[in-house]
Amino acid sequence: MEHTEPHSMPPGRLFGGMDVGGSKIETCLFDGRFRALERRRVQTTCANYEELLDCIVGEAHWLDACAGGAVDLGIGLPGLVDHATGRAVTSNLPATGRPLREDLLARLGRSVAMANDCKCFALSEANGGAGEGCETTLGLILGTGVGGGVTHHGRLVLGHNDLPGELGHLGIPGRLVAQWGLPMLPCGCGRIGCYETLLSGPGLVRLASGHGGADRSPAEIAQLAGIGDPAMAAAMREWLTLLAELIHTAQCTIDMECVVLGGGLSRIPDVAQMLADTYGGRRIAGRETRFAVARFGDASGTRGAALLLKS
Ligand SMILES: [Zn+2]
């Protein structure tokens, strides 16, 4: 019988993907078809920039050890690199104003690909995921925040400042605010009344609070709505309507073929179908938009980061 070493690597090019978050770093080695070979997740408590660099470099060296040599690396992170200054802008990592890409180049001796984590999600789902084969896709993460990315023929559309898909910071339409008496809340971006304040996980909780459902989790809200609780059903209806309005704005802007939902709220049972039903009445004409839930889920962060290296 042929014996296979547990860590023997397949022939061909390997890719490294790293998902850097505020409290953890997940790192994964992929084969040439972007199938995971080795994966690990470490908790991080990086108090400052130097510690963050140390953590990323340490995980990159773990990848190299797995691969048996220096491996190309893509990194997804909650933020972006300012194209005007080359410096990072991020609210969840101690890296704002720092030349993260250049410092990693200096420490690792190779350049790394880098993108916003929502963009990595969209890229992963458009390549072998739920948006595979669609001409234009919108990948939309509904979690602690709301953000996304746009792909065209499987490639990220990055625009002038990597912003396509940053839909969470559009403003909620005044007609819905007036109709339901929605609260206009401050957003992390510094403005007031962004979609994110009511469409994120905490946002759904706020909508439920407006119907007497204080302190209910998103999963509880969805479950109660599903069994006919009128107050929680009203909260879910508001959430779905707001989301459908946001999708409508995206449709009129980029006219995507498919929307792939990710993040914690994408785990609400039947959410893609409920959204398709709610969105249906807004459709202007022509071919239908397809709604789907992410195929790779939380693993899309590392997978999409590695896919940044695909040429
Ligand atoms: Zn905002």
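Note on numbering: residues in each chain are counted from 1, in written sequence order. Only residues with pLDDT of at least 70 get local features here, since the model is predicted, and only at 80 or more are side-chain atom pairs given and counted; chain-wide, interface and lining totals rely on the full set of residues. By convention in this description, side-chain values take in all heavy atoms of the structure and omit both hydrogens and water.

Visitor: Which residues make up the overall build of the protein chain, and what values go with them?
Guide: Tallying secondary structure elements over the protein chain gives ten helices and twelve strands in all. Relative to its length of 311 residues, the protein chain is compact, with a C-alpha radius of gyration of 20 Å against a globular reference of 19 Å. Residue burial in the protein chain is summarised as follows: out of 311 residues, 50% are buried. Any pair of residues with heavy atoms lying within 4.5 Å of one another is described as a contacting pair. Within the protein chain, counting contacts between residues at least 6 apart in sequence, those at least 24 apart form 62% of the total. Surface accessibility of the protein chain: about 14,600 Å² in total, with carbon and sulfur atoms responsible for 51%. Counted charges follow a simple rule, with Lys and Arg positive, Asp and Glu negative, and His plus the chain ends left uncounted. Each charge is placed at NZ for Lys, CZ for Arg, CG for Asp and CD for Glu. Computed over 27 positive and 33 negative side-chain charges, the inter-centroid distance for the protein chain is 3 Å. A run of H or I in DSSP counts as a helix once it spans at least four residues, and a run of E counts as a strand once it spans at least two, with each numbered from the N terminus. As defined in this context, the radius of gyration uses C-alpha atoms, and a globule is described by 2.2 Å times the residue total to the power 0.38. Between buried and exposed lies partly exposed: a residue is buried under 20% and exposed over 50% of the maximum accessible area for its type, with that area taken using a 1.4 Å probe on protein chains only. Here the open area of atoms and residues is found with the Shrake-Rupley method and a 1.4 Å probe, where only the protein chains shown may cover a residue.

Visitor: Run through the coordination of the zinc ion, naming residues and quoting values.
Guide: The reference angle at a metal is 109.5 degrees if four donors form a tetrahedron and 90 or 180 degrees if six donors form an octahedron. Donor atoms (N, O, S) are those found within 2.8 Å of the metal centre, with the cutoff raised to 3.2 Å for Na, K and Ca; water is not part of the atom list, so apparent gaps in a site can occur. The protein atoms donating to the zinc ion are H169 (ND1), C187 (SG), C189 (SG) and C194 (SG), with metal-donor distances spanning 2.1 to 2.4 Å. Read from N- to C-terminus, the donor residues coordinating the zinc ion fall into the pattern H-x17-C-x1-C-x4-C. Residue H169 is found in the loop between β10 (155-156) and α4 (174-180), and its partner C189 is found in the loop between α4 and α5 (196-199); the two are separated by 20 residues along the sequence. A relative accessible area of 24% means that H169 is categorised as partly exposed.

Visitor: Break down the pairing of strand β4 (residues 72-77) for me, citing the residues and quoting the values.
Guide: Of all the six residues making up β4, five are buried; the element is thus mostly covered by neighbouring parts of the structure. A pair of strands is labelled paired if DSSP reports no fewer than 2 bridges between them. Pairing geometry for β4 and strand β7 (residues 113-116), over four bridges, is parallel. Bridge pairing in β7 links G74 to A113.

Visitor: Run through the domain arrangement of the protein chain, naming residues and quoting values.
Guide: Domain boundaries shown here were taken from an automatic or database domain assignment. According to the domain assignment, the protein chain contains domain 1 (15-119 + 300-307) and domain 2 (132-294). Each of domain 1 and domain 2 has a C-alpha centre, and these two points are 28 Å apart. Counting residues at the interface gives five residues for domain 1 and twelve residues for domain 2. Accessible area that two parts lose when put together, evaluated with a 1.4 Å probe and summed over both, is termed the buried area. Where domain 1 abuts domain 2, roughly 700 Å² becomes buried across the two surfaces, and 59% of that area is made up of carbon and sulfur atoms. Between Lys or Arg on one side and Asp or Glu on the other, a salt bridge is scored when a side-chain nitrogen of the former is within 4 Å of a carboxyl oxygen of the latter. At the boundary of domain 1 with domain 2, the tally comes to one salt bridge. Between E166 and K119 there is a salt bridge, and its shortest N-O distance comes to 3.5 Å. Counted as a polar contact is a pair of N or O atoms within 3.5 Å, where, for protein atoms, one must be capable of donating a hydrogen and the other of accepting one, and residues adjacent in sequence contribute only when both atoms are in side chains. Joining domain 1 to domain 2, the criterion identifies five residue pairs in polar contact (both at pLDDT 80 or more). Classification used: nonpolar for Ala, Val, Leu, Ile, Met, Phe, Trp, Tyr, Cys and Pro, charged for Asp, Glu, Lys and Arg, polar for all others including Gly. Here the residues of the side of domain 1 that touches domain 2 sort into two nonpolar, two polar and one charged.

Visitor: Break down the sheet that holds strand β2 (residues 24-30) for me, with residues and values.
Guide: Taken together, five strands build an open sheet; the order of strands is β3-β2-β1-β4-β7 and the sheet is mixed. Strands with a single pairing partner mark the edges of an open sheet, and in this sheet they are β3 (36-43) and β7. Neighbour-to-neighbour, the strand axes of the sheet open up by a mean angle of 15°, direction not taken into account. Relative to β3, β2 is paired through seven bridges, and the arrangement is antiparallel. By the bridge assignment, I25 is partnered in β3 with V42. Across the sheet, helix α3 (residues 117-126) is in contact with β1 (15-20), β4 and β7; its angle to β7 comes to roughly 100°. Helix α10 (residues 300-307) contacts β1, β2, β3 and β4 of the sheet and is inclined by roughly 130° relative to β1. Axis definition: a line fitted to C-alpha atoms, limited for helices to the stretch in contact. Angles are taken between N-to-C directions and run from 0 to 180 degrees.

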